[in-house]
Amino acid sequence: MPQELTYLKESASQTAGPYVHIGLTPGAAGFDIYKQELGWDITGPNAIGKRIRVEGRVIDGMGAPIKDVLLEIWQANADGNYAHPEGGGPVEDGFRGWGRVITDFETGEWGFDTVKPGTTRGRNVGTQAPHLNFWIVARGINVGLNTRMYFDDEVEANAKDPVLNLVEWEHRRATLIAERGERDGNVVYRFDIKLQGDNETVFFDL
Amino acid sequence: MTTPGEFYQRDRSVHPPAYTPNYKTSVARSPRYSLISLQNSVSEITGPVFGHNDIDAGDNDLLTNYANSGESPIGERIILHGRVLDENAKPVPNTLVEVWQANAGGRYRHKKDTYLAPIDPNFGGCGRTLTDENGYYFFRTVKPGAYPWRNMVNNWRPAHIHVSVFGSGFVQRLITQCYFDGDPFIPICPIVQTIPDPDAIDQLTAKLDLNATIPLDTVAYKFDIVLRGRRSTLFENRLEGN
């Protein structure tokens, strides 16, 4: 009798479609149904670290902002720990490190408030520079896209980051680095994601 | 000691490619460069954890979670149930499953949907639940209707329920759609047909489950969801310091 491999196959991905808000952010679809929607509070009330805002757009191959995109964020706390049993260490009470963000339907602008994550441990040795993990779904995106956002004020850490260094085309690394700015005394990082074309953002197969 | 390791490489042959010209919206929304393959770090093997404080017990009952008191949505009453498993056929417990769908007439409760079929005053169209310790989940809802969409002039979506699942690591994150066995729109839908593998489409097609059907009440459909699996040992691929 031949040896059989009995692994199952992963379920195929399908687009989130234009009405993703009904399921994941029903308030934005135009109705209230749940006691609480999930993902609007990334850090909880007790998070330590530098409070920051991140803003941007997701831009299609024709240069137009995508107005029906949904992004999820997964990040470590300021100590570099993820809120997960294998996350590296403890996090503050109420810190989940996960966020869910949609765009303004008119402008395609999105934004969220969080804390700047710390340095996380590397895969084998060393460390990874502070970064946010993004997962992007929308109508027209058949499989959710994974990318990372790094910080332009972490020059030294970025230079040593194993993932940035894996991007063979050095000029493309810049697509993963958000630009620091300030507004009303608050730190705001700008991170535009380009799905296609000039300066196409680096996406990962994880 | 055996510690779970990294996730298996994603088998891209079961997934649609990014660029699928018959689904026109994908043309300008698909990256042109190759994805850069990363071995898992702590950022990938971890993911958000949800608990029963995040949701309400009735969130998985779409027959009642938006209905006026004593009323019920129009349509075929169905149970959608199954398990969330990984590629090793191990149940994925306590994971968040979220669904959304059109009503029985094919109309979504969404400010951007203008299809002429009516909104159902008793139907919101979304639900969520956590799998139990065996990876089992269920929803009660109405069977959604087919509806037309702007792609080619006469394209209709098969009846479908959108499904979002987490798993334990962020790389397991998945959004897909559940179709219904025997729907004649499945073979001609440009979105379904972005999936090149017929078996992978069949895996997204819920089967009539007469044994789980409640006589004189509600028809059941079974829909298992498979997320990526993990290595059980680290060996040479170990994540040191993990």
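Criteria and thresholds
- Residues numbered from 1 in each chain as written.
- Chains lettered and ligands numbered in written order.
- Predicted model: local features only at pLDDT ≥ 70, side-chain atom pairs only at ≥ 80, totals over all residues.
- Heavy atoms only, no water.
- Helix = DSSP H or I, 4+ residues; strand = E, 2+ residues; numbered from the N terminus.
- Rg over C-alpha atoms; globule rule 2.2 N^0.38 Å.
- Contact = heavy atoms within 4.5 Å.
- Areas by Shrake-Rupley, 256 points an atom, 1.4 Å probe, with all protein chains shown as cover.
- Buried < 20%, exposed > 50% of the residue type's maximum accessible area, 1.4 Å probe, protein only.
- Polar contact = N/O pair within 3.5 Å; in protein donor to acceptor, adjacent residues only side chain to side chain.
- Buried area = accessible area lost by both parts, 1.4 Å probe.
- Salt bridge = Lys/Arg side-chain N within 4 Å of Asp/Glu carboxyl O.
- Nonpolar A, V, L, I, M, F, W, Y, C, P; charged D, E, K, R; others polar.
- Pairing = 2+ DSSP bridges.
- pLDDT = per-residue confidence, 0-100.
- Core = buried A, V, L, I, M, F, W, Y, C linked by side-chain atoms within 4.5 Å.
- Phe/Tyr/Trp six-rings, centres within 6.5 Å; stacked < 30°, edge-to-face > 60°.

## Quick word on the overall build of chain A
Now for step 1: Along the backbone of chain A there are four helices and twelve strands.
Now for step 2: Taken over the C-alpha trace, chain A has a radius of gyration of 18 Å; the compact-globule value for 206 residues is 17 Å, and the two agree within 12%.
Now for step 3: Taking the intrachain contacts of chain A between residues at least 6 apart in sequence as the baseline, contacts between residues at least 24 apart amount to 66%.
Now for step 4: About 8600 Å² of surface is accessible on chain A, with carbon and sulfur atoms providing 48% of the total.

## Some details on the overall build of chain B
Now for step 1: Per the secondary structure count, chain B includes two helices and twelve strands.
Now for step 2: Put simply, chain B runs from its N terminus to its C terminus through helices and strands in the order β-α-β-β-β-β-β-β-β-β-α-β-β-β.
Now for step 3: For 242 residues, the compact-globule formula gives about 18 Å, and the C-alpha radius of gyration of chain B, at 19 Å, lands near that figure.
Now for step 4: The dimensions of chain B, computed from C-alpha atoms along their principal axes, are 60 × 40 × 35 Å.
Now for step 5: Residues classed as buried in chain B amount to 57% of the 242 residues present.
Now for step 6: Residue pairs in contact within chain B that sit at least 24 positions apart in sequence constitute 71% of those at least 6 positions apart.
Now for step 7: Per element, the accessible surface of chain B, about 10600 Å² overall, is 53% carbon and sulfur.

## Quick look at the environment of Tyr179(B)
Now for step 1: Among the structural elements, Tyr179(B) can be located in strand β9 (residues 174–180).
Now for step 2: With relative accessibility at 1%, the residue Tyr179(B) sits in the buried group.
Now for step 3: In this structure the C-alpha to C-alpha distance between Tyr179(B) and Gly5(B), which are 174 residues apart in sequence, comes to 33 Å.
Now for step 4: Leaving out residues up to four positions away in the same chain, Tyr179(B) has contacts with Gln14(A), Arg157(B), Pro158(B), Ala159(B), His160(B), Ile186(B), Ile191(B), Val192(B), Leu204(B), Thr205(B) and Ala206(B).
Now for step 5: Of the polar contacts made by the side chain of Tyr179(B), one reaches the side chain of Gln14(A); its length is 2.4 Å.

## Quick look at the interface of chain A and chain B
Now for step 1: Contacts between the two partners involve 80 residues from chain A and, on the opposite side, 97 residues from chain B.
Now for step 2: Between chain A and chain B, the buried area comes to about 7800 Å², and carbon and sulfur atoms account for 55% of it.
Now for step 3: Contact with chain B buries area across many residues of chain A, yet Glu10(A), Gln14(A) and Arg123(A) alone supply 12% of it, more than any other trio.
Now for step 4: Between Arg29(B) and Asp68(A) there is a salt bridge; the shortest N-O distance is 2.9 Å.
Now for step 5: In the side of chain A that touches chain B, the residues fall into 42 nonpolar, 19 polar and 19 charged.
Now for step 6: Two strands pair when backbone bridges link them, and strand β12 (residues 204–205) of chain A and strand β1 (residues 36–37) of chain B are joined in this way by two bridges, in the parallel orientation.

## What about the pattern of salt bridges?
Any two side chains of opposite charge can pair, so long as their charged atoms come close to each other.
Residues and elements named next belong to chain A.
Now for step 1: By the definition in use, this model includes 29 salt bridges over all chains.
Now for step 2: With a shortest N-O distance of 2.8 Å, Asp-68 and Arg-139 are connected by a salt bridge. Here the residue Asp-68 occupies a position in the loop between β1 (51–59) and β2 (70–75), and Arg-139 occupies one in the loop between β7 (131–137) and β8 (145–151), the gap between them amounting to 71 residues.
Now for step 3: Here Arg-139 falls in the partly exposed class, since its relative accessible area comes to 29%.
Now for step 4: The shortest N-O distance in the salt bridge between Glu-182 and Arg-180 comes to 3.3 Å.
Now for step 5: Looking at Arg-180, the relative accessible area reads 38%, which means it is partly exposed.

## Side note on the side chain of Ser13(A)
Now for step 1: Following the sequence through the fold, Ser13(A) ends up in the segment before α1 (20–24).
Now for step 2: Overall, Ser13(A) belongs to the buried group, its relative accessible area being 3%.
Now for step 3: Within the structure, Ser13(A) has its side chain in polar contact with the backbone oxygen of Ile175(B) (distance 3.4 Å).
Now for step 4: Setting aside anything within four residues of it in sequence, one finds Ser13(A) in contact with Asn142(A), Val143(A), Gly144(A), His15(B), Pro16(B), Leu174(B), Ile175(B), Thr176(B) and Ile195(B).

## Some details on the confidence of the model for chain B
Now for step 1: Across chain B, the average pLDDT comes to 94, with 94% of residues at 70 or higher.
Now for step 2: The complex model carries a pTM of 0.96, and its ipTM stands at 0.96.

## As for the side chain of Asn65(B)
Now for step 1: The topology assignment puts Asn65(B) in the loop between α1 (42–45) and β2 (77–86).
Now for step 2: Exposure remark for Asn65(B): the relative accessible area of 17% places this residue in the buried category.
Now for step 3: For Asn65(B), the side chain forms a polar contact with the main-chain oxygen of Asp59(B), separated by 3.4 Å.
Now for step 4: Among residues more than four places away in sequence, those in contact with Asn65(B) are Ile33(A), Gly58(B), Asp59(B), Cys126(B) and Gly127(B).

## Remarks on the nonpolar core
Now for step 1: Formed by 67 residues in total, the largest nonpolar core has its most connected members in Val163(B), Phe223(B) and Ile225(B).
Now for step 2: Sorting elements by how many residues they give to this core places β9(B) first, with five residues.
Now for step 3: Residues contacting Phe223(B), with those up to four places away along its chain left out, are Leu80(B), His81(B), Gly82(B), Arg83(B), Tyr137(B), Val163(B), Gln177(B), Cys178(B), Gln203(B), Leu204(B), Thr205(B) and Ala206(B).
Now for step 4: Ranked by size, the runner-up nonpolar core spans 26 residues in total, among them Ile66(A), Val69(A), Ile136(A) and Phe203(A).

## A short note on the packing of aromatic side chains
Now for step 1: What the rule picks out here adds up to 19 aromatic pairs over all chains.
Now for step 2: Here Trp74(A) and Tyr82(A) contribute two aromatic rings whose centre-to-centre distance is 5.3 Å and whose plane-to-plane angle is 25 degrees, an arrangement assigned as stacked.
Now for step 3: Under the relative-accessibility criterion, Tyr82(A) is labelled buried at 0%.
Now for step 4: Ring centres 5.4 Å apart and planes at 80 degrees place the aromatic pair Trp98(A) and Phe166(B) in the edge-to-face group. Remark: Phe166(B) occurs in the loop between β8 (160–165) and β9 and Trp98(A) occurs in strand β3 (residues 98–102); the pair is interchain, linking two chains.
Now for step 5: Residue Trp98(A) is classed as buried on the basis of its relative accessible area, which comes to 0%.
Now for step 6: With relative accessibility at 2%, the residue Phe166(B) sits in the buried group.
Now for step 7: Here the aromatic cluster, defined as three or more aromatic residues joined through ring pairs, consists of Trp110(A), Phe112(A), Phe134(A) and Phe191(A).

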